[in-house]
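What follows is the residue order along each chain.
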Amino acid sequence: MDLGVRWKLHGDGRTPAPGAVVRPDERLSWPRTAGLGAQHVVAMFGASFVAPVLMGLDPNLAIMMSGVATVVFLLATRGRVPSYLGCSLSFVGVAAVIRAQGGSSATVTGAVFVVGAALFLVGLAVRRFGARIIHATMPPIVTGAVVMLIGFNLAPVTASTYWPQDQWTALLTMLFTGLAVVCLRGFWSRIAIFLGLVFGYGVSWVSDLVFGKIHSVDASGRLTDHWRLDLSGVDKADWIGLPTLHGPSFEWSAILVALPVVIALVAENAGHVKAVGEMTGDSLDDKLGTAISADGVGSMLSTAVGGPPNTTYSENIGVMAATRVYSTAAYWAAAGFALLFGVCPKFGAVVAAIPGGVLGGITVILYGMIGLLGAQIWLNAWVDLRNPLNLVPAAAGIIIGVGNVSMKFTDTFSLSGIALGTIVVITGYHALRAFAPAHLKTQHPLLDEGTSSYDDAKS
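As annotated in an unreviewed UniProt entry, the protein carries the name Nitrate reductase and is attributed to Streptomyces purpurascens. Reading the Subcellular location (unreviewed entry) entry of the UniProt record for the protein gives the comment "Membrane". Per UniProt, the protein has the following entry under Sequence similarities (unreviewed entry): "Belongs to the nucleobase:cation symporter-2 (NCS2) (TC 2.A.40) family."

What follows is the structure in structure tokens.
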């Protein structure tokens, strides 16, 4: 059985010829491959470290399990889809909602485990029936609206939790990160979030030296005098040790909040497979279902031991585009580095010590970008918001999701925010479509012609 773990040496193994690309089944020399793997780890640093911190989970375990999930993905796709599976930011909002309802870390990971299982089943369905099932159930207006409400639902978290801890550091971090995203080029622009974290770390350290303690709310919400950057946990942490594991706990209320993220993950995976196929020049349409299922399995493995879910990372696509090296050997190297980082508790303590003000500046941009990815889905699919069939369910669902509108059905069961907004968008769209006149029903598919050709190949 070909598992995609054999690579031909590209040229002399040093530098690709001008205009040439290193294909997924090729590699450069092992030292250069290891260097590229390290570069991929750095590229996913920012988001992969921020996500578990925002979700209240162990960053060491998150990095370790991202390496495991990447290995699973590479084996499942037989080395044809070069990709790194980092911690998914799509779940940050649902984690905040679950914790606000009194849920523990086990409740968060239990809900997300179910999402991973659902994603696995969606992948199997895509393999069996083709991408047409995505087109039918989740047209772009639905997908874009759900992604948008997931991102914008996070705004109160930044406004009430992170920003007030140190508003000036938050402002400076936001400005620096914005400049880094816009002004830097190539690889550096791909790690702008990471650079913003480093900058904010430095600002907090200098502010503590110059101004002393700050009088503001701390991470627990208490108004007190505290250091902006508290590194006491770093001193106590060991250099080598396994991260803390815990099992998932399943609660229906939490699961219903988390399930809508499946839609965002399907869209992310579809876009990733299509982008990699275009860059490598290979049609990867037949791997779409496998990629979605592999992502689901990776998330299930991670959340089963207390880690966050994972997803394909656009940051690493940027690294491939810049280097023109698509070798899956580099991703195996990246997974190896992630596993090593995972067994260094001191490294995780450094990540966990990120000041609240720094997270405030980062999340202002990050959460907004997540929400606007929904708008990008609409733009790419030419969604017509003048069409009331599109406008009405999207408008209602987004306001419910962003405003955290709640509906109470019994004393023990209610729906609100992301879950209720998603239900309104999906059921509202399909119900209205059943009664709408024919001229309102013309829609562009979620996936473009390159991916939907998978359907043609199977028919």
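Asker: How do you make sense of the overall build of the protein when you look at a structure like this?
Answerer: Across its full length, the protein carries 21 helices and eight strands. The buried share of the protein, taken over its 459 residues, is 53%. Contacts in the protein between residues at least 24 apart in sequence constitute 79% of all its contacts with a sequence separation of at least 6. Roughly 19,600 Å² of accessible area belongs to the protein as shown, and the carbon and sulfur atoms make up 66% of that amount.

Asker: Any chance you could explain the packing of helix H8 (residues 167-183) against helix H10 (residues 192-211) here in plain terms?
Answerer: The description of two packed helices rests on the angle between their axes and on the distance between the axes. It is at 9 Å that the axes of H8 and H10 come closest, and there the two elements cross at 150°. Put simply, H8 runs roughly antiparallel to H10. Classified by chirality, the crossing of H10 by H8 is right-handed. In this structure, H8 contributes Thr 169, Leu 172, Thr 173, Phe 176, Thr 177, Ala 180 and Val 181 to the contact, and H10 contributes Ala 192, Ile 193, Leu 195, Gly 196, Phe 199, Gly 200, Val 203 and Ser 204. For the contact of H8 with H10, the residue count by class is nine nonpolar, six polar and no charged.

Asker: Explanation requested: the nonpolar core in the structure shown.
Answerer: Across soluble globular proteins, nonpolar side chains have a tendency to be buried as a group. With 95 residues, the main nonpolar core has Phe 91, Tyr 367 and Trp 378 as its most contacted residues. Broken down by element, this core gets its largest block of residues, ten residues, from helix H13 (residues 261-280). In this structure Tyr 367 touches Leu 54, Val 92, Gly 151, Leu 154, Val 157, Thr 158 and Tyr 162, once residues within four positions along its chain are discounted. Listed in part, the five residues of the second largest apolar core include Val 22, Leu 28, Leu 36 and Val 325.

Asker: Mind showing me how you'd approach the side chain of Ser 29 here?
Answerer: Looking at the element boundaries, Ser 29 is found in the loop between strand E2 (26-27) and helix H1 (30-55). Other than its neighbours up to four places away in sequence, Ser 29 contacts Leu 9 and Gly 13.

Asker: I keep staring at the packing of helix H3 (residues 92-100) against helix H4 (residues 105-129) and nothing clicks. Help me out?
Answerer: At a closest axis distance of 9 Å, the pairing of H3 and H4 adopts a crossing angle of 135°. The angle between H3 and H4 places the two elements in the oblique class. Crossing hand, H3 versus H4: right-handed. Note on element contacts: H4 touches H3 through Ser 105, Thr 107, Val 108 and Ala 111, opposite Ala 95, Ile 98 and Arg 99. When the residues that make up the contact of H3 with H4 are grouped by side-chain class, the tally is four nonpolar, two polar and one charged.

Asker: I would appreciate a short explanation of the environment of Glu 268 in the present structure.
Answerer: Structurally, Glu 268 can be placed in helix H13. With relative accessibility at 28%, the residue Glu 268 sits in the partly exposed group. Here the alpha-carbon distance between Glu 268 and Thr 312, two residues 44 residues apart in the chain, equals 7.1 Å. Beyond its immediate stretch of four places on either side in the chain, Glu 268 contacts Ser 90, Thr 311 and Thr 312.

Asker: I tried to follow the pattern of salt bridges on my own but got confused; where do I start?
Answerer: Pairing between side chains of opposite charge can happen when their charged atoms approach one another. Going through the model one piece at a time under the given rule, you end up with five salt bridges. One salt bridge connects Arg 228 with Asp 166, and the closest N-O pair in it is separated by 3.3 Å. Remark: Asp 166 occurs in the loop between helix H7 (155-162) and H8 and Arg 228 occurs in the loop between strand E5 (223-226) and helix H11 (232-236); sequence separation between them is 62 residues. Among the residues examined, Arg 228 registers a relative accessible area of 14% and is labelled buried. What you see here is one network of salt bridges that share partners, running through Asp 166, Asp 208 and Arg 228.

Rules used in this analysis
- Residues numbered from 1 in each chain as written.
- Predicted model: local features only at pLDDT ≥ 70, side-chain atom pairs only at ≥ 80, totals over all residues.
- Heavy atoms only, no water.
- UniProt positions renumbered as here; feature names shortened; annotations may be inferred.
- Helix = DSSP H or I, 4+ residues; strand = E, 2+ residues; numbered from the N terminus.
- Buried < 20%, exposed > 50% of the residue type's maximum accessible area, 1.4 Å probe, protein only.
- Contact = heavy atoms within 4.5 Å.
- Areas by Shrake-Rupley, 256 points an atom, 1.4 Å probe, with all protein chains shown as cover.
- Axes fitted to C-alpha atoms, helices over the stretch in contact; angles between N-to-C directions.
- Parallel < 35°, antiparallel > 145°, perpendicular 65-115°, else oblique.
- Left-handed = near helix turned anticlockwise from the far one by under 90°.
- Nonpolar A, V, L, I, M, F, W, Y, C, P; charged D, E, K, R; others polar.
- Core = buried A, V, L, I, M, F, W, Y, C linked by side-chain atoms within 4.5 Å.
- Salt bridge = Lys/Arg side-chain N within 4 Å of Asp/Glu carboxyl O.

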